[in-house]
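One letter stands for each residue in the lines below.
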Amino acid sequence: FFSILKARVTAMLSSPIVDREDETYTTETHNQTMNDGNEPSDELDIRFSHVHLYVDRVCDLSAYKEFEDSLNLFQENYDEMTAGERIDEDEQRGISLDVDVGRQIWQSITEHNNNMDDNKSVAEEFASHGRDIVKQLIAGFGFRVTGCHVTSHTSTVVVTSKDANGIQIVVSAMKSDDENSDVEEANAAVEDNDYHHFAPSNITRFYHAHSNRQGIAVLAFEVGHQCLEGIFLRYSEHHPELVPKEFKNGPVEYGDEARVFEVFAYYSGERGTSLADEGTMLRFIEPITGAANTCKLPGIAPVDASFSRCHPAFFDHWVSNVISRTGFLDTLKDTLYFTPKVDFNAGVVAAGEAQIESTVTGNTASLNAEDGSSALSDQSQIYLPINNALTEVGHVHGFLEEIGQGVQHIASRVDNIISFVQEANDRRKIFGEGFTFLNIPRSYYGVLTKEMLRKGIDNIKDPSGNKSDDVLSLECAHAILNICTAEGVLLDDSSVDLDISGSTIQTILDSKISLEHKEEYLQNREEIVVIILHSRYVNMYNLLKNHLSEQSYIAIVRNQILVDVQTDDLLFQIFTSNILQRKPQDESPFFEFIQRVCSQCVGPDGCPKKVKPGCGGFGIRNFLTLFLSIEVTKAMLAASNAKRDGKMKEYEFAKRKVQLFTDQLNESNPLLTEISEAMTKEGAARDNITLSYKEGRIEDAKVWEEVTEKEASAKSLANDLLMECNMKYQRLMRELRESQEDIQ
């Protein structure tokens, strides 16, 4: 599967890049900024290190290790019981675990261990809130605790995937004995703890600035030898307000482990008119030569871990919700030489009344990978997307209002996302622990329509512009659609049941088709069944064609994986439901997992292209889908709660919101496709202009310049239509909200 994906995908689209505030980004400048390694002139040796979460409670290490042992025993028993059904690892892409068999095995293990809490959790409906994030990572993704540090007042564990150089999640909490103790006494206590980053004062300060909420408190980077002093000097000169008193005199050295420097990430408002926001921190670690620990955070003691099934995972980008996007951009440029790579400006990312702006900034790493595995594990390319709200509704605004500025989500790369997500979903159902994922409307993947039945799969959009022969008459197509609806082949949203077979569909249609349409139906029966089944993933197929099997397409839809493309590169994405929630509907962070599939192709000069950092881009199609899906998920939860409580007016209101968000996604998708197609053609034309001039073919270059202008115009027109679409749904959502306010 993975080798198929890495083949060059034809007819792919790129994500639209919109205007920056100070300059216009064309495809050419975008590609240079993202990929060529020539900018900026100031270089900083920097890479992802770890993220540090502050949470309400961390269990004893022994409890986590006992849980891990039970999971490893489960895998041994499961493999033994299903040995005759197993296939090679490389062929297991997207293959489900047998949930029923898995539950029986897990029940026997937990009963033997007298752990009735785990039995109970499997039987109950899964809720994302009120969970131990460490247990979620262990059970859901197969991660393990590989490090720890304990002081008199705090407990810390390090959770990682099986790759020693991959994702590292540090989790700290005040000890439960200190919950009712004197806070000032706890904050003042150093005693056996000589490491500032484990002091209880950090946790209390973050909670105070973060509306007393758990969260992703620290983004940590590893820097090269002699880089730390320069970072300290630049912060001291340009942004002294962001330097905490503990680091005013410079980085802190911890023996032969590392030197550490920490700063506040954001200003509380605009730069120059506000103080530091004392919530989120940036941490810079300069390891001492010869430091052996995989986790470079000083004080972390290694812990033995046994991994059963676990995909390696590596950081890809870290996203912040802030008040001043430009202020944070300027700070990172002044101190780390980070420069903007991609902008999604006002009006492009919108869900109903909610609108945001977003900029992806970062360094320009000198990645020169020859293969996809090197690009997967590389941690030297830093991308930091930064969001700010433009309206007083929606997720980003709600996040800022409810808990303040902070890290919205952490995105990590995996080697095969279909297998990764399928296993995560199966693990949750078996163990009653792990993660759920955001609800993606089925219309994102494809729904069955009369037009599809009438025209057929390949003739809905005839590339030649000529009318193709219809498969069915409009009347027969209408009759078949009605049968599919009445017999449960179609779900409420007009999508086809993922578990239904072609033979079942044929049996239903054979028995229900009227005499009036029977002859026409029988003449086209085989193609009709194919059309109905194909509609489940038709939008994905239009992007990727025959480069994926039907099984892989169905796995993508079933697991609600997003797909986007940029020139010849693919981007697969999925977002977990909120983490670190105490109760439903609390604003909180989440995780993202992605798979970047870099094309194996040649450039205009005929030479093989190197694997690019960040190949596949950041997916405006998926960015908009994420934004809409967050709002859909919130509205669906509100509808469920209202129905449960018998509040039917609120239930109908929430259902209308879900429908409007879904309609906006459906209307936006074709426009995003037009933008992407124009961007791809524009980029190819610019490459041909460069090559034509290089080879002295002046007339050819002029022809390609005309193509560039044509596609730029098409892109601009589609961008305008997208803005109009967003404004339309902004008006419709406002009218819906105001009508609800009038009723109340």
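Computed from a predicted structure; not experimentally measured.

**Quick notes on the nonpolar core**
And step 1. If you look at the biggest cluster of nonpolar residues, it comprises 150 residues, and the most contacted ones within it are Ile133, Phe221, Phe261 and Phe284.
And step 2. In terms of residue count, helix α22 (residues 648–694) provides more of this core than any other element does, 9 residues in total.
And step 3. Not counting chain neighbours up to four residues away, the residues in contact with phenylalanine 261 comprise Leu228, Ile231, Phe232, Tyr235, Val243, Phe247, Pro251, Leu282, Arg283 and Phe284.
And step 4. With 27 residues, the next largest nonpolar core counts Leu472, Leu490, Ile505 and Leu533 among its residues.

**Some thoughts on the packing of aromatic side chains**
And step 1. Considering all chains together, one arrives at 32 aromatic pairs under this definition.
And step 2. Centroid distance phenylalanine 74 to phenylalanine 431: 4.9 Å. Interplanar angle 80 degrees. Geometry classified as edge-to-face. Separated by 357 residues along the polypeptide, phenylalanine 74 in helix α3 (residues 61–81) and phenylalanine 431 in helix α13 (residues 417–431) bring together distant segments of the chain.
And step 3. Residue class for phenylalanine 431 comes out buried when judged on its relative accessible area of 2%.
And step 4. Residues phenylalanine 221 and tryptophan 318 carry aromatic rings whose centres are separated by 5.2 Å and whose planes lie at 50 degrees to one another, so their mutual orientation is tilted. Taken together, the residues span a long stretch of sequence, with phenylalanine 221 in strand β5 (residues 215–223) and tryptophan 318 in strand β10 (residues 313–321) at a distance of 97 residues. Neither residue differs from the other here; phenylalanine 221 and tryptophan 318 are each classed as buried.
And step 5. Ring pairs connect the aromatic residues Phe48, Phe221, Phe232, Tyr235, Phe247, Phe261, Phe284, Phe315 and Trp318, which therefore count as one cluster.

**Structural notes on the environment of glutamate 229**
And step 1. In this structure, glutamate 229 sits in helix α9 (residues 228–238).
And step 2. Spatially, the C-alpha atom of glutamate 229 lies 9.0 Å from that of phenylalanine 261, the residues being 32 residues apart in sequence.
And step 3. Setting aside anything within four residues of it in sequence, one finds glutamate 229 in contact with Pro251 and Arg259.

**Regarding the environment of glycine 166**
And step 1. One can find glycine 166 in the loop between β3 (154–160) and β4 (168–174).
And step 2. Judged by its relative accessible area of 3%, glycine 166 is buried.
And step 3. For glycine 166 and phenylalanine 314, which are 148 residues apart along the polypeptide, the C-alpha to C-alpha distance reads 4.6 Å.
And step 4. The residues touching glycine 166, leaving out its near neighbours within four places in the chain, are Ala313 and Phe314.

**Let's talk about the sheet that holds β4**
And step 1. The 9 strands lie next to each other as β6-β7-β8-β5-β1-β4-β3-β2-β9, forming an open sheet whose pairing is mixed. Looking at strand neighbours, the two that pair on one side only are β6 (252–254) and β9 (301–302), the edges of this open sheet.
And step 2. By the bridge criterion, 6 bridges tie strand β2 (residues 144–150) to β3 in an arrangement that is antiparallel. In the sheet register, cysteine 148 faces β3, and the bridge partner there is valine 157.
And step 3. Its contacts with the sheet place α3 against β2 and β3, and it is angled at close to 170 degrees to β2.

**Considerations on the pairing of strand β17 (residues 590–597)**
Successive side chains on a regular strand alternate, one facing one side of the sheet and the next facing the other.
And step 1. With respect to burial, β17 is a largely interior element, 8 of its 8 residues being buried.
And step 2. Side chains of β17 alternate between two faces, with Phe590, Glu592, Ile594 and Arg596 and Phe591, Phe593, Gln595 and Val597 buried alike.
And step 3. Of the pairings in the sheet, the one linking strand β14 (residues 406–414) to β17 comprises 5 bridges and is parallel in character. Pairing of isoleucine 410 across the sheet is with phenylalanine 591, part of β17.
And step 4. Examined bridge by bridge, strand β16 (residues 569–575) and β17 share 6 bridges and lie antiparallel to one another. Bridging across to β17, phenylalanine 575 finds its partner in glutamate 592.

**Remarks on unusual backbone geometry**
And step 1. One non-glycine residue, asparagine 212, lies in the positive phi region at around 60 degrees.
And step 2. Summarising the element assignment, asparagine 212 is placed in the loop between α8 (200–209) and β5.
And step 3. The backbone of glutamine 585 shows a phi angle near 70 degrees, a positive value even though the residue is not glycine.
And step 4. Tracing the sequence through the fold places glutamine 585 in the loop between β16 and β17.

**Details of the packing of helix α4 (residues 99–112) against α13**
And step 1. Close contact between α4 and α13 brings their axes to 8 Å; oriented N to C, the two are set at 45 degrees. Overall, the two elements α4 and α13 adopt an arrangement that is oblique. Regarding α4 and α13, the two cross each other, and that crossing is right-handed. Contacts between α4 and α13 involve Val99, Gly102, Arg103 and Trp106 on the former and, on the latter, Asp426, Lys429, Ile430 and Phe431.
And step 2. When grouped by side-chain class, the residues that make up the contact of α4 with α13 number 4 nonpolar, 1 polar and 3 charged.

**Comments concerning the side chain of glutamate 222**
And step 1. As for its position among the elements, glutamate 222 is in strand β5.
And step 2. Those residues in contact with glutamate 222 that sit more than four places away from it in its chain are Asp45, Ile46, Arg47, Phe48, Ser49, Ile285, Pro287 and Lys296.

**Considering the pattern of salt bridges**
And step 1. Counted by the stated rule, this structure contains 29 salt bridges.
And step 2. Notably, a salt bridge pairs arginine 454 with glutamate 451, separated by 3.3 Å at the nearest N-O pair. A residue pair is termed a helical-turn pair when its members lie 3 or 4 positions apart in one helix, as arginine 454 and glutamate 451 do in helix α14 (residues 450–455) at 3 residues.
And step 3. You can call glutamate 451 partly exposed: its relative accessible area is 36%.
And step 4. Of the charged contacts, one joins aspartate 700 and arginine 697 as a salt bridge, the two residues approaching to 2.8 Å between their closest N and O atoms.
And step 5. Take aspartate 700: its relative accessible area is 33%, and that puts it in the partly exposed class.

**Some remarks on the layout of surface pockets**
Empty space among the atoms can be located by rolling a probe the size of a water molecule over them.
And step 1. Estimated volume of the second largest pocket: approximately 950 Å³.
And step 2. Considering the residues around the second largest pocket, the lining is formed by 30 residues, among which Ser128, Thr436, Ser577, Thr633 and Leu637 are closest to the centre.
And step 3. No other element matches helix α21 (residues 620–644), which puts 8 residues into the lining of the second largest pocket.
And step 4. Classifying every residue of the lining of the second largest pocket gives 9 nonpolar, 15 polar and 6 charged.

**Some thoughts on the environment of tyrosine 445**
And step 1. By the element assignment, tyrosine 445 lies in the loop between α13 and α14.
And step 2. Judged by relative accessible area, tyrosine 445 falls into the buried class, the value being 0%.
And step 3. Sequence spacing of tyrosine 445 and serine 535 is 90 residues, and the spatial spacing of their C-alpha atoms is 8.3 Å.
And step 4. Excluding residues within four positions of it along the chain, tyrosine 445 makes contact with Ile440, Ser535, Arg536, Tyr537, Val538, Asn539, Met540, Ile556, Val557, Gln560, Ile561 and Leu562.
And step 5. Only 3.3 Å separates the side chain of tyrosine 445 from the backbone oxygen of glutamine 560, close enough to count as a polar contact.

**Brief notes about the confidence of the model for the chain**
And step 1. On average, the chain scores 82 in pLDDT, and the residues at 70 or more come to 80%.
And step 2. Predicted confidence is poor over residues 1–41, with pLDDT under 50, and the contacts of this stretch with residues over four places away or in other chains come to 122 contacts.

**Some remarks on helix α15 (residues 474–486)**
And step 1. Helix length check: α15, at 13 residues, gives a terminal C-alpha distance of 18 Å against a target of 18 Å (1.5 Å per residue), a fit within 8%.
And step 2. Within α15, burial applies to Cys476, Ala477, Ala479, Ile480, Leu481, Ile483 and Cys484.
And step 3. Lining the buried residues of α15 we find α14, α16 (502–512), α17 (515–523) and α18 (525–534).
And step 4. Taken from the residues just after α15, glycine 488 is the one with a positive phi, measuring 80 degrees.

Rules and cut-offs
Residues numbered from 1 in each chain as written. Predicted model: local features only at pLDDT ≥ 70, side-chain atom pairs only at ≥ 80, totals over all residues. Heavy atoms only, no water. Core = buried A, V, L, I, M, F, W, Y, C linked by side-chain atoms within 4.5 Å. Buried < 20%, exposed > 50% of the residue type's maximum accessible area, 1.4 Å probe, protein only. Helix = DSSP H or I, 4+ residues; strand = E, 2+ residues; numbered from the N terminus. Contact = heavy atoms within 4.5 Å. Phe/Tyr/Trp six-rings, centres within 6.5 Å; stacked < 30°, edge-to-face > 60°. Pairing = 2+ DSSP bridges. Axes fitted to C-alpha atoms, helices over the stretch in contact; angles between N-to-C directions. Parallel < 35°, antiparallel > 145°, perpendicular 65-115°, else oblique. Left-handed = near helix turned anticlockwise from the far one by under 90°. Nonpolar A, V, L, I, M, F, W, Y, C, P; charged D, E, K, R; others polar. Salt bridge = Lys/Arg side-chain N within 4 Å of Asp/Glu carboxyl O. 1 Å grid on protein atoms, 1.4 Å probe; cavity = no way out; pocket = protein on both sides within 12 Å on 5 of 7 lines; lining within 4 Å. Points joined across faces, edges and corners; volume = space filled by probe spheres on them. Polar contact = N/O pair within 3.5 Å; in protein donor to acceptor, adjacent residues only side chain to side chain. pLDDT = per-residue confidence, 0-100. Expected span 1.5 Å × (residues − 1).

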